[in-house]
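# Topology and contacts: notes
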Amino acid sequence: MRMLSDIPIAFLMIAAVTLVSAVCAMSLRNLVHCGLCLVLTFVGLAATYLHLSAEFVGFAQVLVYVGAVAILIVFTILLTRNAEVTLSPVSQSSLVGLGIAIAVCGSLVLPLVTSPSLRRLPAQSLAPDAQVQRIGEKLMAQYVIPLEALALVLTAAMIGAVVIAMRDDPERNDPSPSPQNQKDTGSVSNSPAGTALNSSSSTSSSQRP
Amino acid sequence: MDFIRYLDPTVQFMLFSAVKIVLVFAVAMTGVAYAVLVERKVSAWIQDRVGPNRAAPFFVHYLPVVGPFLTKLGIFQPMADGLKFILKEDFTPSYVRKIYFWIAPAISCVPALMTLAVIPFGSTLGNANNPMVIADLNVGILYTFGIVSLGVYGIVLAGYASNSKYPFLGGIRSSAQMISYEIAMGMSVVSVFLVVGDLNLSKVVAYQSGGIHEWLIFKQPLAFFIFLVSAFAETNRLPFDLPESETELVGGYHTEYSSMKFALFFLGEYAAMIGASAMMVTLFLGGWTPIWGGAPASSLLVGLSHIVWFLAKLGFFMVLFIWVRWMLPRFRYDQLMNLGWRRFIPLALVNIIITAGLIALTHK
Amino acid sequence: MQSQLSQYLPVLMFLMVTIGFAVGTLAFSVIAGKVGRRTRTKDIPYECGMVPEGPGNARLSVKFFLVALLFVLFDIEVVFMYPWAVTYKELLAKHFASVVGGMLSFMGILFVGYLYALKKKAFDWKS
């Protein structure tokens, strides 16, 4: 049994799948392909966590990222009609992109390099069956304030989601539905997600009983 | 069987795992095939019809009394169905998105079967080092929920790949339904884990091994109810079979499918039913433990009886699934969403708070 | 079992079996299935006999998007509840205030967001 964790072949395979699918997710033209490649990337990350004996984190990754975030992304792609149209990039200048990429990368790498977790410590003896319990203990004893902050962030996100998506509330309550084409051009919103998705009442048999 | 003892523990472990996997797979497949038969027979019985009573291979006629009896029961019907699925024309329309059209059935059936991997379906068969579960994971329940959430992809992809209106509507509808009830389901088990204190499903069974009065269905009736109803929604069964509601959407996400690809969706649905039933048995009905309770078996015979207990409880839920299908009318989509988001989520939260409060009070 | 990963070997094996089964049956039906002709009527999307009009993917209500978004948020909430639920009994003696109050306020804060969504009729599919 030890072979598997000693020889890095498992790690290499997981890493290869994760990286290749991540590159595909960025570079493919069809948005649905991209979304599904992203799913594979998330699965690869979950496998990496499992490989590091972080079971809870691994399955939380599957549950939240593969089962929820990626579903949301796929949903968003499917709900917009032109999933297969190749979109032109927002900015033609690659210099701006490079600058932003370096800035983002730097801000991620810097704390990573300076963090104490990078120092090579002797492996602590992990009690494998107490992992979830230990996470719970830390969460409840040491990290209560971050947990509450997280609740606030989630609530803010919830309110934001409702505000964005339920924007055309008064229109919806209109007893006489206006023709489709009017509706589609009528509801202009300034957020990109909003413009793509603000076709709330233009369909469908599915939401009318 | 003595030679097994002299093998390397790794090889031994792999060998036992392989045997268990083959057994679980075989039982699940037979279960699916005969669940379809039971469904047809029960529906016939409820609607005062006869049900499948003809199909039989030719040699059965030569058996004196048993042959006609088995034929009447429809024992051979699943085989005929399977054969037909294989032999039918496998039509891939030209307007579909080919890759996704082909992988969607596989994606919808694989996760449904994979949930069975962490279910303890028996105690032991005499050897305490070899528990009757394929993988005794510490985070068993998270594994199940993670895998169940992958099942949504099969349906979404089927709807998208078909490039046709009914499947698309069915696919989106179904995935919205499934994700809505996943929340209620996930929240309902939180109170179970408050009581048990572990995510490992074997530990959950061990907690309930004292007998019927220890079963969590009696300690957490509300959680059980929410889980049960959510399981119906998750498996897309009536009264929540909106994804395929034939009167509105023809067949939902599998309208454009034929032959074995359709059969895999079908198989996925029934495998999901088996998985959900197994989950409910494990979480609320004491798993493999008999009514009077029991420790892990020390002999082969007792071990087998535990597996029979598990299968019997599983069968109970399967019949419940089937019975409800022919008893209740379909929910409307707004009623479905209303129930999931506005009733079950607050209910599950209240249940968690009450459970936590009771534990805190009795603890002091 | 020395390594945690080895626990997942049976899972991996089971995955192989199920994938093998799915792929195998699909392949088998291609080989064994009846070969039919592709006719024009057979090759149009099924819409109860009507000739289909427009693209296959109709535009849908933004509500579906909202449901997916809220699902993500609630899913995260549930994931944080699991470690709490598992340790609740053990921690009651040691950290009574934080284990009861901490999670209660966590749920309370999120419930406010839920109530807001409820008030804004985010879960109301009747309209």
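Everything quoted here is computed from the prediction, not taken from an experiment. (Residues numbered from 1 in each chain as written. Chains lettered and ligands numbered in written order. Predicted model: local features only at pLDDT ≥ 70, side-chain atom pairs only at ≥ 80, totals over all residues.)

### Considering the overall build of chain A
When helices and strands are tallied, chain A shows ten helices and zero strands. In sequence order, chain A lays out its α and β elements as α-α-α-α-α-α-α-α-α-α. Within chain A, the proportion of its 209 residues that are buried is 29%. Taking all contacts inside chain A whose residues are at least 6 apart in sequence as the whole, residues at least 24 apart take part in 51%. (Helix = DSSP H or I, 4+ residues; strand = E, 2+ residues; numbered from the N terminus. Buried ≥ 20, exposed ≤ 12 C-beta atoms within 10 Å, placed from the backbone. Contact = placed C-beta atoms within 7 Å.)

### Let's talk about the overall build of chain B
When helices and strands are counted, chain B shows 13 helices and zero strands. Secondary structure of chain B in N-to-C order comes out as α-α-α-α-α-α-α-α-α-α-α-α-α. Taking the principal axes of its C-alpha atoms as reference, chain B extends roughly 65 × 55 × 45 Å. Out of the 364 residues in chain B, the part that is buried amounts to 55%. Partitioning the intrachain contacts of chain B with sequence separation of at least 6 by distance along the chain shows that 78% fall at a separation of at least 24.

### Some words on the interface of chain B and chain A
On the side of chain A, 23 residues touch chain B, which itself brings 23 residues to the contact. Taken together, the elements giving at least two residues each to the side of chain B that touches chain A come down to helix H5 (140–162), helix H6 (165–196) and helix H13 (333–363) of chain B. Sort the elements by how many residues they give to the side of chain B that touches chain A and H5(B) lands first, with nine residues. Considered class by class, the residues forming the side of chain B that touches chain A number 14 nonpolar, five polar and four charged. (Nonpolar A, V, L, I, M, F, W, Y, C, P; charged D, E, K, R; others polar.)

### Considerations on the environment of B:Lys20
All names here are of chain B. With respect to the helices and strands, Lys20 occurs in helix H1 (residues 9–46). Taking the number of C-beta atoms within 10 Å as the measure of exposure, Lys20 has 22 and is therefore buried. When the C-alpha positions of Lys20 and Asn130 are compared, they lie 10.0 Å apart, and in sequence the two are 110 residues distant.

### With respect to the nonpolar core
In a soluble, globular protein the nonpolar side chains are often hidden away together inside. Core analysis: the biggest nonpolar cluster contains 200 residues, and B:Leu142 and C:Leu70 have the highest contact counts within it. In terms of residue count, helix H2 (residues 62–94) of chain C provides more of this core than any other element does, 23 residues in total. Here this core gathers at least three residues from each of two domains, domain 1 (1–88) and domain 2 (143–200) of chain A. The contact partners of C:Leu70, leaving out residues within four places of it in the chain, are A:Met158, A:Ala161, C:Ala117 and C:Ala122. (Core = buried A, V, L, I, M, F, W, Y, C linked by C-beta atoms within 7 Å. Domains from an automatic or database assignment.)

### Regarding the packing of H1(B) against helix H1 (residues 8–32) of chain C
Relative to each other, H1(B) and H1(C) sit at 40 degrees, their axes nearing to 10 Å. Of the possible angle classes, the one that applies to H1(B) and H1(C) is oblique. Pair H1(B) / H1(C) crosses with right-handed handedness. Mapping the contact onto sequence places B:Ser17, B:Ala18, B:Ile21 and B:Phe25 in H1(B) and C:Leu9, C:Pro10, C:Met13, C:Phe14 and C:Val17 in H1(C). (Axes fitted to C-alpha atoms, helices over the stretch in contact; angles between N-to-C directions. Parallel < 35°, antiparallel > 145°, perpendicular 65-115°, else oblique. Left-handed = near helix turned anticlockwise from the far one by under 90°.)

### Things to note about the environment of C:Thr87
Within the secondary structure, C:Thr87 is located in helix H2. Taking the C-beta count within 10 Å as the criterion, C:Thr87 has 27 such neighbours and is therefore assigned buried. Separated by twelve residues in the primary sequence, C:Thr87 and C:Val99 have C-alpha atoms spaced 8.9 Å apart. Not counting the four nearest positions on each side in its chain, C:Thr87 is found in contact with A:Gln133, A:Gly136, A:Glu137 and A:Met140.

### Section: the environment of C:Ser98
The topology assignment puts C:Ser98 in helix H3 (residues 96–119). Each C-alpha atom, one on C:Ser98 and one on C:Val86, is 15 Å from the other, the two residues being twelve residues apart in sequence. Excluding anything up to four places from it in sequence, C:Ser98 contacts A:Met140, A:Ala141 and A:Val144.

### Description of H5(B)
Three- or four-residue spacings in an α-helix give side chains the same orientation, since the helix completes a turn every 3.6 residues. All names here are of chain B. An ideal rise of 1.5 Å per residue puts 33 Å on 23 residues; H5 measures up with 35 Å between its terminal C-alpha atoms. With 23 of 23 residues buried, H5 is to be regarded as a mostly interior element. Following H5 by one or two positions, Asn163 adopts a phi angle in the positive range, close to 55 degrees. (Expected span 1.5 Å × (residues − 1).)

### What about the confidence of the model for chain B?
All names here are of chain B. Mean pLDDT over chain B: 85, with 96% of residues reaching 70 or higher. When mean pLDDT is compared element by element in chain B, helix H9 (residues 221–234) scores highest at 91, while helix H10 (residues 246–249) scores lowest at 67. Across the assembled chains, the prediction reports ipTM 0.87 with pTM 0.85. (pLDDT = per-residue confidence, 0-100.)

### Observations regarding unusual backbone geometry
Residue and element names in this part refer to chain B. A positive phi angle, near 60 degrees, is found at Asp48, a position not held by glycine. By the C-beta count within 10 Å, which is 6 here, Asp48 ends up exposed. A positive phi angle is found at Asn163, which is not glycine, with a value near 55 degrees. Its place among the elements puts Asn163 in the loop between H5 and H6.

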